[in-house]
Amino acid sequence: MGASTPFSLRLPKGVAEELNRIAQLSGRAPASLAARLIEKALRMRDVPGIIFVDVSHGRCAAIIGSVLFVWEMCVFLLPVVVAE
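The following paragraphs examine the structure supplied in this document. Bear in mind that the values here come from a model prediction, so they are computed numbers and not experimental data.

## Here's the deal with the overall build of the protein
Part 1 of the argument: Summing up its helical and strand segments, the protein has 3 helices and 2 strands in all.
Part 2 of the argument: Rg of the C-alpha trace for the protein: 17 Å, well past the compact-globule value of 12 Å for 84 residues, more than 25% over.
Part 3 of the argument: Each principal axis of the C-alpha atoms in the protein carries an extent, and together these give about 55 × 25 × 25 Å.
Part 4 of the argument: Expressed as a percentage of its 84 residues, the buried residues of the protein come to 10%.
Part 5 of the argument: A separation threshold of at least 6 residues defines the contact pool for the protein, and within that pool the share at least 24 residues apart is 8%.
Part 6 of the argument: Total accessible area computed for the protein in this model is approximately 6,900 Å², and 65% of it derives from carbon and sulfur atoms.

Right under this line is the structure:
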């Protein structure tokens, strides 16, 4: 994520409890997890229909509502586009 900037945020009690629960399960600090989740939400806003998922080799863009990664859709569509 790189350099960070301090940012104060008030969360509803239930949201803070869930954040702490997930942070504990994942072995991350709650602030680190919150930053990661906010980053994911901002990316999802920029590219509707695409979600970024953790895979064995890092992170990968996937199409929401399917089992396809974006790169798989590109491999499928490239021959169609080139043929036109």
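## Some thoughts on the packing of aromatic side chains
Part 1 of the argument: For the coordinates displayed, the defined rule picks out 0 aromatic pairs.
Part 2 of the argument: Here Arg43 stacks its cationic end above the ring of Phe52, 5.0 Å away from the centre of that ring.

## As for the pattern of salt bridges
Part 1 of the argument: Enumeration over the complete set of coordinates arrives at 5 salt bridges.
Part 2 of the argument: Between Lys13 and Glu17 there is a salt bridge, with the nearest N and O atoms lying 4.0 Å from each other. Residue Lys13 and its partner Glu17 are both found in helix H1 (residues 13-26); the two are separated by 4 residues, about one turn of the helix.
Part 3 of the argument: Note on Lys13: relative accessible area 64%, which makes it exposed.
Part 4 of the argument: Note that Arg43 and Glu39 form a salt bridge whose closest N and O atoms lie 3.5 Å from each other. Of the two residues, Arg43 and Glu39 both sit in helix H2 (residues 30-46), 4 residues apart, roughly one turn of that helix.
Part 5 of the argument: Each of the salt bridges in this network shares a partner with another, and the network as a whole consists of Arg36, Asp54 and Arg59.

## A word on the pairing of strand E1 (residues 50-55)
If a strand is regular, its side chains alternate between the two faces of the sheet.
Part 1 of the argument: In terms of strand pairing, E1 meets strand E2 (residues 58-63) through 6 bridges, oriented antiparallel. Looking at E2, one finds that Asp54 is bridged to Arg59.

Conventions adopted
Residues numbered from 1 in each chain as written. Predicted model: local features only at pLDDT ≥ 70, side-chain atom pairs only at ≥ 80, totals over all residues. Heavy atoms only, no water. Helix = DSSP H or I, 4+ residues; strand = E, 2+ residues; numbered from the N terminus. Rg over C-alpha atoms; globule rule 2.2 N^0.38 Å. Buried < 20%, exposed > 50% of the residue type's maximum accessible area, 1.4 Å probe, protein only. Contact = heavy atoms within 4.5 Å. Areas by Shrake-Rupley, 256 points an atom, 1.4 Å probe, with all protein chains shown as cover. Phe/Tyr/Trp six-rings, centres within 6.5 Å; stacked < 30°, edge-to-face > 60°. Lys NZ or Arg CZ within 6 Å of the ring centre and 35° of its normal. Salt bridge = Lys/Arg side-chain N within 4 Å of Asp/Glu carboxyl O. Pairing = 2+ DSSP bridges.

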